[in-house]
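# Remarks on the overall topology
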Amino acid sequence: MSINPNPGVLLYPRLRKSPFFHASRRHGVGLYSVYNHTYHARHYGDPIGEYWALLEGVTLWDVGVERQVEITGPDAFEFTNMLVPRDLTKCKVGQCKYVFVTAEDGGIINDPVLLRLGENHFWLSLADSDVLLWAKGLAHNLGMDVQIREPDVGPVQVQGPKSRDVLVDLFGESILDVPYYYAVDRELDGMRMVVSRTGYTAELGYEIYLHDASRDGVKLWDAIWEAGKPHDLKVIGPCHIRRIEAGILSWGCDITYDTNPFEVGYGFEKTWMVDLDQEADFIGKAALRRIKDEGISRKLVGVEIGGPSVGSFNDGAMIDTFDVHDPHGLRIGEVTSACYSPRLERNIGYAMVPIAYHELGTELVVDTQHGPQEAVVVEKPFLDPTKDIPKKLVRTA
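Residues numbered from 1 in each chain as written. Predicted model: local features only at pLDDT ≥ 70, side-chain atom pairs only at ≥ 80, totals over all residues. Heavy atoms only, no water.

The name that an unreviewed UniProt entry assigns to the protein is Glycine cleavage system protein T, with the source organism given as Saccharopolyspora elongata.

The next thing to look at is the overall build of the protein. The helix and strand inventory of the protein stands at nine helices and 22 strands. A globule of 397 residues ought to have a C-alpha radius of gyration of about 21 Å, and the protein, at 21 Å, matches this closely. For the C-alpha atoms alone, the extent of the protein along its principal axes is close to 65 × 50 × 50 Å. Burial analysis of the protein (397 residues in total) assigns 58% to the buried set. When the accessible surface of the protein is split by element, carbon and sulfur atoms take 50% of a total near 16,700 Å². Distance from the positive charge centre (40 side chains) to the negative charge centre (57 side chains) of the protein: 4 Å. (Helix = DSSP H or I, 4+ residues; strand = E, 2+ residues; numbered from the N terminus. Rg over C-alpha atoms; globule rule 2.2 N^0.38 Å. Buried < 20%, exposed > 50% of the residue type's maximum accessible area, 1.4 Å probe, protein only. Areas by Shrake-Rupley, 256 points an atom, 1.4 Å probe, with all protein chains shown as cover. Lys, Arg positive; Asp, Glu negative; His and termini not counted. Charge placed at Lys NZ, Arg CZ, Asp CG, Glu CD.)

A separate point is the UniProt feature "binding site: substrate" (unreviewed entry) in the protein. UniProt marks Glu207 with the feature "binding site: substrate" (unreviewed entry), using the numbering shown here. Among the structural elements, glutamate 207 can be located in strand β15 (residues 205-211). Glutamate 207 has contacts with Glu66, Val156, Gln157, Val194, Val195, Ser196, Thr198 and Gly199, leaving out every residue within four places of it along the chain. (UniProt positions renumbered as here; feature names shortened; annotations may be inferred. Contact = heavy atoms within 4.5 Å.)

On to the environment of arginine 149. Tracing the chain through its elements places arginine 149 in strand β11 (residues 147-149). Separated by 80 residues in the primary sequence, arginine 149 and valine 69 place their C-alpha atoms 5.8 Å from one another. Once residues lying within four places of it in the same chain are set aside, the contact partners of arginine 149 are Gln68, Val69, Glu70 and Leu132. Polar contacts involving the side chain of arginine 149 include one to the side chain of glutamate 70, which spans 2.6 Å. (Polar contact = N/O pair within 3.5 Å; in protein donor to acceptor, adjacent residues only side chain to side chain.)

Attention now goes to the sheet that holds strand β13 (residues 183-188). Within the open sheet, the six strands sit side by side as β13-β14-β15-β12-β4-β16. Their pairing is mixed. Each of the sheet's edge strands pairs with one partner strand only, and the pair in question is β13 and β16 (234-235). The sheet contact formed by strand β4 (residues 59-62) and strand β12 (residues 153-159) spans four bridges and is antiparallel. Opposite threonine 59, over in β12, you have glutamine 159 as the bridge partner. Set on the sheet, helix α5 (residues 163-171) makes contact with β12, β13, β14 (191-196) and β15; between it and β15 the angle comes to about 35 degrees. (Pairing = 2+ DSSP bridges. Axes fitted to C-alpha atoms, helices over the stretch in contact; angles between N-to-C directions.)

Take the pairing of strand β3 (residues 38-43) next. In terms of burial, β3 is largely enclosed, as six of its six residues are buried. Where strand β2 (residues 31-35) and β3 come together, five bridges link them in antiparallel fashion. Pairing of tyrosine 35 across the sheet is with threonine 38, part of β3. Between β2 and β3, which follow one another and run antiparallel, lie two residues, and asparagine 36 among them has a positive phi close to 50 degrees.

The next point concerns the UniProt feature "domain: GCVT N-terminal" (unreviewed entry) in the protein. Taken from the UniProt record, the annotation "domain: GCVT N-terminal" (unreviewed entry) applies to residues 49-268. Secondary structure across residues 49-268 comprises 26% helix and 27% strand; the distance between its end C-alpha atoms is 37 Å.

At a minimum axis distance of 9 Å, the contact between α5 and helix α6 (residues 213-228) shows a crossing angle of 115 degrees. Relative to α6, the crossing made by α5 is right-handed. Touching Val166, Asp169 and Leu170 of α5 are Ala223, Ile224, Ala227 and Gly228, all from α6. Grouping the amino acids of the contact of α5 with α6 by side-chain chemistry returns five nonpolar, one polar and one charged. (Left-handed = near helix turned anticlockwise from the far one by under 90°. Nonpolar A, V, L, I, M, F, W, Y, C, P; charged D, E, K, R; others polar.)

This part is about the packing of helix α3 (residues 76-83) against helix α4 (residues 132-142). Packing of α3 against α4 brings their axes to within 11 Å, and their N-to-C directions diverge by 120 degrees. Here α3 is positioned oblique relative to α4, judged by the angle of their axes. Regarding α3 and α4, the two cross each other, and that crossing is right-handed. In contact with Phe79, Met82 and Leu83 of α3, α4 contributes Trp134, Ala135, Leu138, Ala139 and Leu142. In terms of residue class, the contact of α3 with α4 is built from eight nonpolar, no polar and no charged. (Parallel < 35°, antiparallel > 145°, perpendicular 65-115°, else oblique.)

Cis geometry is found at the peptide bond from lysine 380 to proline 381, where omega equals 0 degrees. Take proline 381: it is sitting in the loop between β22 (371-378) and α9 (388-391). Residue histidine 37 is not a glycine yet carries a positive backbone phi of 60 degrees. Here histidine 37 shows up in the loop between β2 and β3.

It is worth spelling out the packing of aromatic side chains at this point. Aromatic ring pairs: the centre-centre distance and the angle between the two ring planes describe each pair. Per the stated rule, a full pass over the model turns up 13 aromatic pairs. Taken together, a centroid distance of 6.4 Å and an interplanar angle of 35 degrees make the contact between phenylalanine 77 and phenylalanine 122 tilted. With phenylalanine 77 in helix α3 and phenylalanine 122 in strand β10 (residues 121-125), the pair connects residues that are 45 residues apart, well separated along the chain. Exposure remark for phenylalanine 122: the relative accessible area of 0% places this residue in the buried category. Consider the rings of phenylalanine 262 and phenylalanine 268, whose centres lie 4.7 Å apart with planes at 55 degrees: the pair is tilted. Every member of this aromatic cluster is reached through a ring pair, and the members are Phe21, Tyr32 and Tyr39. Across the ring face of phenylalanine 21, the terminal group of lysine 17 is positioned such that the distance to the ring centre comes to 5.7 Å. For the cation-ring pair, arginine 243 lies above phenylalanine 313, with the distance from its terminal atom to the ring centre recorded as 5.0 Å. (Phe/Tyr/Trp six-rings, centres within 6.5 Å; stacked < 30°, edge-to-face > 60°. Lys NZ or Arg CZ within 6 Å of the ring centre and 35° of its normal.)

In structure tokens form, the structure reads like this:
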């Protein structure tokens, strides 16, 4: 669902607004969608310009749509470790982890970033699906002593190679000591927040999770904007070109309730995401063990697609999935995300195909908005497979 941001257009009162909604709106939102029942700014008029701003400078994102599920109480660790197939005994306090929340059949309910704020204190920073009621229902049914709620917390992202400079101006040099996928508590002008070295870009970047966000959202936004002015800070939407280049998945497109981790490259290849050897009997463990033993019938692969540009994904060009055909015209699957990469100078994306078509070099035909186009299965991610860019922090003199 995309919404014209023209001020004359009615905003639906049943949809929520991010704590930063009114602040980000000042920058000229070009298109809204709805994410976690909340208005989500997709871009600000020029997705390609936003892409280059991210790669070359520093950008600010309103990601208040990433609602938090907070889990606390005496059984919080045991309960959270049961929600996800990743072994949380290996997650330190102050550490963040990319995780799946899996269903009893192994399907993916959500793929949040988990923040461990205390021994029995967790946040799940959600993708676009409902996890709060799932977690509350499980806790009630199991009789576990936990408190589960949506706290008044709103995140923004500061991403790009100059993000370190903006963060230093806000919080001081000590912020550079935060390792990749760790988080620290900070205060700024009386506002409390958690700052993590994470993001949706595979670039150097940070997320700032603001406490009391409904009260202080605009105040924080303005503070970041002022700190960013000397560094030519740009406000942008989620850069799907960069996340597709990086192999980052999008819930609702590349992963859903009907896909499992093994199908999307996070079971066989990245075994830590689905730890079947751990002691915890997490939700979906038996189903995922069976899937691993029996094998999968389809797989999410990288594809290069010929023909004219398919757009930037978040510009509205890819409203629906693209059909995938074999060279003989038989429909065999679908492209779940695709874009034109200005840096690679070609169309790239992900396609869910039968396992017989997953080998590198397999030729396919993809129906884009320009008609049928030749395509080929390639390695993903398309850039920086070891994530050296976000992991490396170069201190400036």
